[in-house]
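Notes for the structure review
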Amino acid sequence: MVKRNAIILAAGKGTRMRSKLHKVLHQVCGKSMVDHVLTQLEQAKIDTIVTVVGFGADTVKEALGHRTRYALQKQQLGTGHAVMQTEDLIGKEDGETVIVSGDTPLFTAETFEKLFAYHEQRHAAVTILTSVAPDPTGYGRIVRNDVGIVERIVEQKDATVQEQAIKEINTGVYCFDNKKLFAALKKIKNDNAQGEYYLTDVIGILKQEGENVTAFKMDNFEESMGVNDRIALAKANKIMRDRINEHWMREGASMIDPATTYIDAGVKIGKDTVIEGNVVIQGNSVIGNDCYITSGSRIVNSKIGDGVTITSSTLEGAQMHNGSNIGPNSHLRPEAEIGENVHIGNFCEVKKAYIGEGTKIGHLTYVGNATLGKNINIGCGVVFVNYDGTNKHHTNVGDHVFIGSNSNLIAPLNIADDSFIAAGSTITDSTEQYDMAIARARQTNKKDYAKKLPW
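Everything numeric here is computed off the predicted structure, so don't read it as measured data. (Residues numbered from 1 in each chain as written. Predicted model: local features only at pLDDT ≥ 70, side-chain atom pairs only at ≥ 80, totals over all residues. Heavy atoms only, no water.)

**Comments concerning the sheet that holds strand 12 (residues 254–255)**
Rules: Being paired, for any two strands, means DSSP has found at least two bridges between them. In this description a helix means any DSSP run of H or I spanning at least four residues, a strand means any run of E spanning at least two, and both kinds are numbered starting from the N terminus.
Across the sheet, 11 strands lie side by side as 12-15-18-21-24-27-29-31-34-37-39; this open sheet has parallel pairing. Looking at which strands have only one partner, the edges of the open sheet turn out to be strand 12 and strand 39 (436–437). Summarising the sheet, strand 34 (residues 402–403) and strand 37 (residues 420–421) pair through two bridges and their orientation is parallel. Looking across to strand 37, one finds that Ile-403 is bridged to Ile-421.

Next up, the structure:
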């Protein structure tokens, strides 16, 4: 099998984004643009991937890690110059090389595979990936002769009126015979207004040398969209979001209003789960089967089991096991783990705590740095007091415990199985099994005192 290489061009600054963040690191549906490109190339079974970095080189390397090799373009002297920087890594390799920009996050592995297949079938020196644009303004046009052979690429500013009417455009993606690519790169010049080396000049050189120059026309123009500013970034997010939502609906999830359902690229969703509108699911969240997620919920890097109901609540780095439910208006913070068939009602917050099977936390309660057993009942307004101003402390609560409303549990603390905490208590000492703990001031009634009040 022919060896396949890929070069991702990710060295440009991207000034039109008007951002301190390097352009290719701006996110589309939770993943940086260059990561989308790399992911699709990986799925296309590329043997060697090289990313050309320049501005923000360290941050790009940090984002992509060891999934790709890197070449540094110290000075941004054009696309041809960028590809030259990869010569030491792949310049002597046999096979084919696809070149793609890091700011084109919508290309798919299927398109790359079709491009390679077409290139191989035609025994081409270079194959240009093209598409038909509804409005080709601003794009380079593909000029073909009477029998459909590619003659040249002409840029908008250089095109005649007749050429401007051509709708087949250059997407900026190319598949080259690798050795012919690097041989031709040595012949390009920078005698232009910008003083840059253009990759498109390689195509002209190969054409002049009688090499076979072909073009593969892909079906979906949207894939070719490059992102150069915030407006294009928003459009790319919408296209990607529609693609993600359609995928999960085809897989068996229901979305009441897909247009207002925001799901990141790394999310997984099970069958027969229903998601209402105005829901955000981000990061690497996993949603099980038969769940119901209502409007206003936000789920980030969380794992949700089967049959879970989330009502207008926020989850961050949390886990909910099968049959549990939460909300409305509650918050699971990092390291909150909710056991099977647990009920968490409204205006509750859980952080770094495990809640055991069948436990009920109705409303207005904070649980932090705690391990709770099974079948506990926690009344309204209970606070697990875990911070002494310097350190966090842990509370353990056994099975079948009743904790009355408006109680404060001052950590560190151990509440034994079958204990009973009376309402309104501030508990500082541990209990033993079957204890009832009462820690509150005794009531005193002052007879007729209310008559002295000014109202």
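**Considering the pairing of strand 11 (residues 213–217)**
Under the convention used in this document: Burial classes: relative accessible area under 20% of the type maximum marks a residue as buried, over 50% as exposed, and values in between as partly exposed (1.4 Å probe, protein chains only).
The element strand 11 is largely enclosed, with a buried count of four among its five residues. As paired strands, strand 7 (residues 126–132) and strand 11 are joined by five bridges and run parallel to one another. Considered in strand 11, the bridge of Ile-128 is made with Ala-215.

**A look at unusual backbone geometry**
Gly-327 connects to Pro-328 through a cis peptide bond whose omega is 10°. Residue position: Pro-328 is located in the loop between strand 24 (325–326) and strand 25 (331–332). Notably, Asn-278 is not glycine yet its phi reads approximately 60°, a positive angle. On the secondary structure map, Asn-278 appears in the loop between strand 15 (274–275) and strand 16 (279–282).

**Examining the pattern of salt bridges**
To be explicit about the condition: When a carboxyl oxygen of Asp or Glu lies within 4 Å of a side-chain nitrogen of Lys or Arg, that pair is called a salt bridge.
Overall, the coordinates contain 16 salt bridges when judged by the stated rule. Of the charged contacts, one joins Glu-209 and Lys-187 as a salt bridge, the two residues approaching to 2.5 Å between their closest N and O atoms. Note that Glu-209 is positioned in the loop between helix 8 (200–208) and strand 11 and Lys-187 in the loop between helix 7 (178–185) and helix 8, a separation of 22 residues in sequence. On the basis of relative accessible area, Lys-187 is assigned to the partly exposed category, the value being 45%. The salt bridge partner of Glu-349 is Arg-333, with a shortest N-O separation of 2.6 Å. With Glu-349 in strand 28 (residues 349–355) and Arg-333 in the loop between strand 25 and strand 26 (336–338), this residue pair connects regions lying 16 residues apart in the sequence. Arg-333 gets classed as partly exposed once you look at its relative accessible area, which sits at 28%.

**Observations concerning the state of the cysteines**
Put simply, the rule reads: By convention in this document, the label disulfide applies to cysteine sulfur atom pairs within 2.5 Å.
This model, assessed by the stated rule, comprises zero disulfides. Its sulfur unpaired, Cys-291 is 20 Å from the next cysteine sulfur, which belongs to Cys-348. The buried category is assigned to Cys-291, whose relative accessible area is 2%. Lacking any disulfide linkage, Cys-348 is separated from the closest cysteine sulfur, that of Cys-380, by 8.4 Å.

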